[in-house]
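# Working through the structure, step by step
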Amino acid sequence: MSDNVWDYLGEYETERDDILDAVDTVFRSGQLVLGQSVKAFEAEYAAWHGMAHCVGVDNGTNAIKLALQAAGVRPGDEVITVSNTAAPTIVAIDSVGAVPVFVDVDSDTYLMDNSAVSSVVGPRTTCILPVHLYGQCVDLTELRALADAHDLILLEDCAQAHGARHRGRLAGTTGDASAFSFYPTKVLGTYGDGGAVVTDDDETARRLRRLRYYGMEERYYVVETPGHNSRLDEVHAEILRRKLRRLDSYIAARRAVADRYAAALAGTDLALPVVAPHNEHVYYVYVVRHPRRDEIIAALREYDINLNISYPWPVHTMTGFAHLGYAEGALPITEKLAGEIFSLPMYPALEPAKQDRIIDALQKVLAKL
Ligand SMILES: *Cc1c(COP(=O)(O)O)cnc(C)c1O
């Protein structure tokens, strides 16, 4: 059987009884939409973060979209973010009519270069949207100070960073609101699509609840501001409740996989992940870098090992965002990275024997370059 960057079947074997019990619990509850499981998951996920509110939504992209709208980002506003991210970050900004403004990334961590933010703040800037890419946080102490100094909203894209910390603070607890995805591959993932926004602000939470429900207060069927249908399903909420109890162990397992890679690959000329000071990484993906990336990926395919690239095309170079007007070379570090990075298999149930096979193949390929 071939090895892939991500595989949930081992985890499902272990957790099958609990997952099927979650499904059965919902199906027998008599409430399939916005019932007890969503309510309970929201309370538990908010509490896990020490935050006042969590609002469950249908996916991570819409979590970002609704967070932008609830926080008051309007059409024509500029949102400062990065191009080295999953396209949905930018799709969400675009979907509310706002304009993404990109800064380059740090050449060690591949995360937002905070020192570049002030220079792109303009009269139409209303928001900074950092992405805690690959599982580690952007320096949030710095960004909170920058947002406050320029009177900007700070929204965190935490889709890859459940449980990551900066200076001891959890991802999602510094911004005015923070968006999470529970897509299956994520550090906390369900068996389908899901998402959530966490916030400490009561009014933002009320707006989010209306926005996900056509624009209605749940009990009064009057639309003041038209919203969307972006509800989290009961069945996903119940699965997520079960999996939230194991989130710490998933993260520990990911760190163990990362440690084994780091120990085995330290002597090679691969650039390994750099954990920034004060950060606790959760390794959503294990991203390495090599100038001859494409040859390495092709050679590993011969060993039945299929690697991914997160991400091969910086968003500002995609045809769908050509109207933003970024020329090639506009974000030199982001563009260089896109040609050199690749991801090694990373998931909690990756067995040491399987990982050893992957490491062994990779070492052979590197030696023959
Ligand atoms: C996965 C992801 C999203 C989108 O989440 P979906 O649930 O797939 O809509 C947004 N931003 C980042 C950084 C992601 O990794």
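For the structure itself, look to the data block above.
Residues numbered from 1 in each chain as written. Predicted model: local features only at pLDDT ≥ 70, side-chain atom pairs only at ≥ 80, totals over all residues. Heavy atoms only, no water.

Let us look at the site of the ligand. Gly 60, Thr 61, Gln 160, Ser 181 and Lys 186 are the nearest of the 14 residues found near the ligand. In this structure, Gly 60 approaches the ligand through a main-chain N or O atom, which is 2.7 Å from an oxygen atom. In this structure, Thr 89 approaches the ligand through a side-chain N or O atom, which is 3.4 Å from a nitrogen atom. Relative to its unbound accessible area of 380 Å², the ligand is 91% covered by the protein chains. Those elements that place two or more of their residues in the shell around the ligand are helix H3 (60–71) and helix H4 (87–95). Of all the elements, H3 adds the most residues to the shell around the ligand, at 3 residues. Residue classes in the shell around the ligand are distributed as 5 nonpolar, 7 polar and 2 charged. (Near = heavy atom within 4 Å. Polar contact = N/O pair within 3.5 Å; in protein donor to acceptor, adjacent residues only side chain to side chain. Areas by Shrake-Rupley, 256 points an atom, 1.4 Å probe, with all protein chains shown as cover. Helix = DSSP H or I, 4+ residues; strand = E, 2+ residues; numbered from the N terminus. Nonpolar A, V, L, I, M, F, W, Y, C, P; charged D, E, K, R; others polar.)

This brings us to unusual backbone geometry. Along the chain, Ser 310 connects to Tyr 311 via a cis peptide bond; the corresponding omega equals 10°. With respect to the secondary-structure elements, Tyr 311 resides in the loop between strand E15 (305–306) and helix H10 (332–338).

Let us look at the nonpolar core. Residues Phe 41, Tyr 45, Met 112, Ile 128, Leu 143 and Phe 182 are the most contacted members of the largest nonpolar core, which totals 53 residues. Of all the secondary-structure elements, those providing two or more residues to this core are helix H2 (36–49), strand E3 (78–82), helix H5 (140–149), strand E10 (195–199), helix H7 (234–244) and helix H8 (247–265). Residues lining this core come from more than one domain, with at least three contributed by each of domain 1 (3–103 + 111–244) and domain 2 (247–368). Formed by 29 residues, the second largest nonpolar core is a distinct cluster that contains Ala 92, Cys 127, Val 197 and Val 315. (Core = buried A, V, L, I, M, F, W, Y, C linked by side-chain atoms within 4.5 Å. Buried < 20%, exposed > 50% of the residue type's maximum accessible area, 1.4 Å probe, protein only. Domains from an automatic or database assignment.)

On to the packing of aromatic side chains, then. Under the counting rule described, the total for this entry stands at 12 aromatic pairs. Here a set of aromatic residues connected by ring pairs shows up, and it is made of Trp 6, Tyr 8, Tyr 12 and Tyr 191. (Phe/Tyr/Trp six-rings, centres within 6.5 Å; stacked < 30°, edge-to-face > 60°.)

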